[in-house]
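Structure assessment
Each chain is listed here by its residues.
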Amino acid sequence: QVTMSLDSSTLLNEENSQGLKRKSECLESLELQTPSSFQDNPLQRLQLASQEVLEKAKKSGRSKCPQCSSSRMFYCYTCFVPVETVPSKEIPTVKLPLKIDIIKHPNETDGKSTAVHAKLLAPDDVTIYKYPCIPEYKEKRHEIALVFPGPDSVSVKDIAFHLQKYSKRGVCDKDDDCSREPVLKQAKMEPKEEEKNLNECISNNRNEDTRLKKIIFIDSTWNQTNKIITDERLQGLLQIELKTRKTCFWRHQKGKPDTYLSTIEAIYYFLVDYHQEILKEHYKGQYDNLLFFFSFMYTLIKNAKCCAGKE
């Protein structure tokens, strides 16, 4: 749920000229093969918009950002816009069921961050902040959650249950006057009965106190996360962990479990789970295009490594 990342402008610049030539020839050969040739690609089943525009941009090379005129490949990672060779009208737009805040570590290299994919593809619902400039979340903690693994993290399916504890009517903030007389005293209940009543309350107030409206992701290498996750402005927020997904990220950090996802993967998998577990709706690929850039780069790099004899 934290990102490692990629500088798309240097994808094919990390080898010597001879290696580049070999890769280019091999990639041209691979492009002629049918999709069945890539059965080992876990992203292959995604329902994606046509990536022909990215294929063309790859062949033409780096292009200018229409806003800052910097030379980039595919998109500008500082202005969050496609480059001139990638028309915006040919980039899919994804509508999300809630708002997303991404908190980016100041030392995270802009060109290596997959967080920008979310901003490019869901511009109306995603905001990127560079730490330490982040919002105050305390007053809204009954409708906000943070995706980050930890001892107190819960699964997506349990969000509604736990947000009830954070609701304005159901939690006593440490800064509030907890000595005040409760509005309504209740007899002590057995744990099972208490859980049953809480679930009924959640059901009755689903569109009010227990509705998740915003989810936060941290964009950083895992070794840099401590500074952000310990920030007092993030304390007390419900933490969510995605425990069953495995990363496809090509810059996966050694020594970390494969369930530690890149930022765009974490956003995508969270939304898929949220759609099924919380909205209780059948998933039909509504958010697949969030991986529009990621899947293209994954295939590009995997093919290049294959041609270089690394796989």
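These numbers were taken from a predicted model, which means no experiment stands behind them.

The rules behind the values
- Sequence positions are assigned chain by chain, starting from 1 and proceeding in written order.
- In keeping with the predicted nature of the model, local features appear solely for residues at pLDDT of at least 70, side-chain atom pairs appear and are counted solely at 80 or more, and the whole-chain, interface and lining totals rest on all residues.
- Side-chain calculation: all heavy atoms of the structure are included, whereas hydrogens and water are not.
- A helix here means a DSSP run of H or I that spans at least four residues, while a strand means a run of E at least two residues long, and both kinds are numbered starting from the N terminus.
- Only protein chains enter the accessibility calculation, which uses a 1.4 Å probe. A residue is then buried if its area is under 20% of the maximum for its type, exposed if over 50%, and partly exposed in between.
- The contact criterion used is simple: two residues touch if any of their non-hydrogen atoms lie within 4.5 Å.
- All accessibility values rest on the Shrake-Rupley procedure with a 1.4 Å probe; residue burial counts only the protein chains present in the view.
- Note on pairing: DSSP must find at least two bridges between two strands before they are called paired.
- Axis definition: a line fitted to C-alpha atoms, over the contacting stretch in the case of helices. Angles run 0 to 180 degrees between N-to-C directions.
- We call a pair of cysteine sulfur atoms a disulfide whenever their separation is within 2.5 Å.
- Note on angle classes: values under 35 degrees are labelled roughly parallel, values over 145 roughly antiparallel, values of 65 to 115 roughly perpendicular, and the remainder oblique.
- The handedness criterion is simple: a crossing whose near helix is rotated anticlockwise from the far helix by less than a right angle is left-handed, and one whose near helix is rotated clockwise is right-handed.
- Charged residues are taken to be Asp, Glu, Lys and Arg, nonpolar residues to be Ala, Val, Leu, Ile, Met, Phe, Trp, Tyr, Cys and Pro, and polar residues to be all remaining types, Gly included.
- Note on terminology: a nonpolar core comprises buried Ala, Val, Leu, Ile, Met, Phe, Trp, Tyr and Cys residues joined through side-chain atoms within 4.5 Å.
- By convention here, the domain bounds are inherited from an automatic or database domain assignment.
- What pLDDT reports is the predictor's confidence in each residue, on a scale of 0 through 100.

**Description of the overall build of the chain**
The number of helices and strands found in the chain is eight helices and nine strands. When burial is assessed residue by residue, the chain has 47% of its 311 residues classed as buried. Within the chain, contacts between residues at least 6 apart in sequence are counted, and of these 79% link residues at least 24 apart. For the chain, the accessible area works out to roughly 16900 Å², and carbon and sulfur atoms hold 46% of it.

**Description of the pairing of strand β8 (residues 214–219)**
Burial within β8 is extensive, with five of its six residues counted as buried. In terms of strand pairing, strand β5 (residues 99–104) meets β8 through six bridges, oriented parallel. Bridging across to β8, Asp101 finds its partner in Ile216. Examined bridge by bridge, strand β7 (residues 144–147) and β8 share four bridges and lie parallel to one another. By the bridge assignment, Leu146 is partnered in β8 with Ile216.

**A word on the environment of Phe148**
Position of Phe148 relative to the elements: it lies in the loop between β7 and α4 (159–166). With a relative accessible area of 9%, Phe148 lands in the buried category.

**Thoughts on unusual backbone geometry**
Peptide bonds are, in most cases, trans, and in most cases residues other than glycine have a negative phi. With an omega of 15°, the peptide bond between Tyr131 and Pro132 qualifies as cis. Positive phi, normally seen in glycine, also occurs at Ser69, with a value near 65°. Tracing the chain through its elements places Ser69 in the loop between β1 (63–64) and β2 (71–72). On the basis of relative accessibility, which here comes to 47%, the residue Ser69 falls in the partly exposed class. Unlike most non-glycine residues, Lys280 shows phi in positive territory, near 60°. Of note, Lys280 is situated in the loop between α7 (263–277) and α8 (292–307). The exposure class assigned to Lys280 is exposed, which follows from its relative accessible area of 59%.

**Observations regarding the sheet that holds β7**
As summarised here, the arrangement of the five strands in space is β6-β5-β8-β7-β9, forming an open sheet in which the pairing is parallel. Two strands close off the open sheet at either side, each with one partner strand: β6 (126–130) and β9 (238–240). On average, each strand axis in the sheet is tilted by 30° relative to the strand beside it, whichever way the strands run. For β7 and β9, the ladder comprises three bridges, and the chain directions are parallel. Residue pairing across strands places Leu146 opposite Gln239, the latter belonging to β9. The strands that α4 touches are β7 and β9; relative to β9, the one it contacts most, it runs at about 165°. Packing of α7 onto the sheet brings it into contact with β5, β7, β8 and β9, and relative to β8 it is tilted by some 155°.

**Section: the state of the cysteines**
Tallied over the full model, the rule gives zero disulfides. Summary of cysteine pairing: Cys65 is not part of a disulfide, and the nearest cysteine sulfur, belonging to Cys76, is at 3.7 Å.

**Topic: the packing of helix α2 (residues 52–60) against α8**
Axis separation between α2 and α8 bottoms out at 11 Å; the angle between their running directions is 50°. By the criterion of interaxial angle, the relationship of α2 to α8 is oblique. You can see that α2 and α8 cross each other, and the crossing is right-handed. Note on element contacts: α8 touches α2 through Phe292, Phe293, Phe296 and Leu300, opposite Val53, Leu54, Glu55 and Lys58. Of the residues contributing to the contact of α2 with α8, the split by class is six nonpolar, no polar and two charged.

**Some remarks on the nonpolar core**
Ile100, Ile215, Ile240, Phe270, Leu290 and Phe293 are the most contacted members of the largest nonpolar core, which has 58 residues in total. Counting contributing residues, this core receives three or more from each of domain 1 (53–91) and domain 2 (97–165 + 210–310). In this structure Ile100 touches Asp125, Val126, Thr127, Ile215, Phe217, Ile267 and Leu271, once residues within four positions along its chain are discounted.

**Considerations on the confidence of the model for the chain**
Residues of the chain with pLDDT of at least 70 account for 67%, and the chain-wide mean is 78. A low-confidence stretch, residues 174–189 stays under pLDDT 50, and its non-local contacts, those more than four residues away or across chains, total five contacts. Here residues 201–209 is modelled with pLDDT under 50, and outside its nearest four sequence neighbours on either side it reaches 17 contacts, counting other chains as well.

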